[in-house]
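Spelled out from the first residue to the last, the chains are:
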Amino acid sequence: SARIGASIIMALAIVTYSLAFHQIEKARGEQGLYEPGGALLPLPMARVLLGGFDGIASDLLFIKTAAFVQGRLTHQKPPSAKEWEWVAGLLDRVTDLDPYFLDPYYFIQAFLTWNAGKIDEANALLDKARRHRPEMWIFPFFIGFNHFYFLQQSGPASTYMMEASRKEGSPPYLAGLAARLAVRGNETQTAVEFLREAIPRINDEGMKKILSVRLEAFEHALKLEKAVAEYRLKYGRLPPDVSVLVKTGLLPSIPVDPYGGTFYLDEEGRIKTTSDYQYPRPTGSSVPQRLSRSSA
């Protein structure tokens, strides 16, 4: 009974503190007085002192962190590099105390990336959400987007997008986006294998047709890539153009790009197409007449 009484007192104290904290922070925010400061206790020690109220502590710490950032941005006084490090550390503690708390992760994607430029730190924190909320597609998508947009790393971006696309409720276009990123990262084989697996699981017939055309294009590109690798192994150099692959007997003919373009070899020996995989079959197809980059 003593333990129950102590828990009730602790709960009431925390609720009271939370209400008071909110009013104090609101008043400080109106004056633009948010300031970082203070060192965090080691996590094991903090857990002992919190006595099982980790979730409430996570909520309060997140409110403080968000208030600081939003207060600074509202008053056009962006946090310094050192302050952003402090913010990243607080968000790490917030998500350690309650890794299932969703709001901090959305805050991380909104501010720690675009405003702070801390992409690696953001991805590390988002990975907690990915591990603790594996049913949600949005977190591997965020990580994949950050790899592609901020870090310009198509390979890792594709891996995370593929993971996101396999989760229930994910947008059907993610499969096509992931495959495109794989090809951009010189992983055509990965893109082909992924689309072969993904297409049968997609219920949207229109998207299924779009991705089937994409798969056909990637399969043809893969044939060319393998022929180029064979030529290089045999002759010790890159072929001058794709037509040589037919002349040397490595291919019976140049595969046809189903988007209506022409396959060619770029300066670095990579297979490209003049269509950039943006167009559908020229005739006799039920695929829409043009595929935009967003839907493809």
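Criteria and cut-off values
Residues numbered from 1 in each chain as written. Predicted model: local features only at pLDDT ≥ 70, side-chain atom pairs only at ≥ 80, totals over all residues. Heavy atoms only, no water. Helix = DSSP H or I, 4+ residues; strand = E, 2+ residues; numbered from the N terminus. Expected span 1.5 Å × (residues − 1). Buried < 20%, exposed > 50% of the residue type's maximum accessible area, 1.4 Å probe, protein only. Contact = heavy atoms within 4.5 Å. Salt bridge = Lys/Arg side-chain N within 4 Å of Asp/Glu carboxyl O. Axes fitted to C-alpha atoms, helices over the stretch in contact; angles between N-to-C directions. Parallel < 35°, antiparallel > 145°, perpendicular 65-115°, else oblique. Left-handed = near helix turned anticlockwise from the far one by under 90°. Nonpolar A, V, L, I, M, F, W, Y, C, P; charged D, E, K, R; others polar. Patch = residues over 30% accessible without salt bridge, like charges linked within 9 Å, V, L, I, M, F, W, Y side chains within 5 Å. Areas by Shrake-Rupley, 256 points an atom, 1.4 Å probe, with all protein chains shown as cover. pLDDT = per-residue confidence, 0-100.

**Thoughts on helix α6 (residues 119-132)**
Residues separated by three or four positions in an α-helix point in the same direction, a consequence of the helix having 3.6 residues per turn. Between the first and last C-alpha of α6 there are 20 Å, a value that for 14 residues agrees with the 20 Å anticipated at 1.5 Å per step. Burial in α6 covers these residues: Ile-119, Ala-122, Asn-123, Leu-125, Leu-126, Asp-127, Lys-128 and Ala-129. Buried residues along α6 sit in contact with α4 (81-97), α5 (103-113) and α7 (138-149).

**Points about the pattern of salt bridges**
All told, the structure shown has 14 salt bridges when counted by the stated rule. Note that Lys-128 is salt-bridged to Asp-92, the shortest N-O span being 2.5 Å. Of this pair, Lys-128 sits in helix α6 while Asp-92 sits in helix α4, placing them 36 residues apart in sequence. Put simply, Asp-127, Arg-130, Arg-131 and Glu-163 are held in one network by salt bridges that share partners.

**Remarks on the packing of helix α2 (residues 43-50) against α4**
Close contact between α2 and α4 brings their axes to 12 Å; oriented N to C, the two are set at 55°. Regarding the angle of α2 to α4, the classification is oblique. Once α2 is placed against α4, the crossing between them reads as right-handed. Contacts between α2 and α4 involve Leu-43, Ala-46, Arg-47 and Leu-50 from the first element and Arg-93, Asp-96 and Leu-97 from the second. Tallied by class, residues from the contact of α2 with α4 come to four nonpolar, no polar and three charged.

**What about a nonpolar patch on the surface?**
On the surface, Leu-41, Met-45 and Leu-49 cluster together into a nonpolar patch covering about 300 Å² of accessible area. You can see Leu-41 is positioned in the loop between α1 (2-31) and α2.

**What to know about the confidence of the model for the chain**
With 80% of its residues at a pLDDT of 70 or more, the chain shows a mean pLDDT of 83. When pLDDT is averaged over each element of the chain, α6 comes out on top at 97 and α1 at the bottom at 50. For the stretch residues 27-34, pLDDT sits under 50, and the model shows 14 contacts to residues farther than four places along the chain or on other chains. Counting interchain partners and residues more than four positions distant, the pLDDT-below-50 stretch residues 279-296 has 36 contacts.

**Details of the packing of helix α3 (residues 54-74) against α4**
Running from N to C, α3 and α4 cross one another at 155°; their axes reach a closest spacing of 8 Å. Considering the angle they form, α3 stands roughly antiparallel to α4. Of the two possible hands of crossing, α3 and α4 adopt the one that is left-handed. Every residue of α4 that contacts α3 at Asp-54, Ala-57, Ser-58, Leu-61, Phe-62, Thr-65, Phe-68, Val-69 and Arg-72 is listed here: Glu-83, Trp-84, Trp-86, Val-87, Leu-90, Leu-91, Arg-93, Val-94 and Leu-97. Residue classes in the contact of α3 with α4 are distributed as twelve nonpolar, two polar and four charged.

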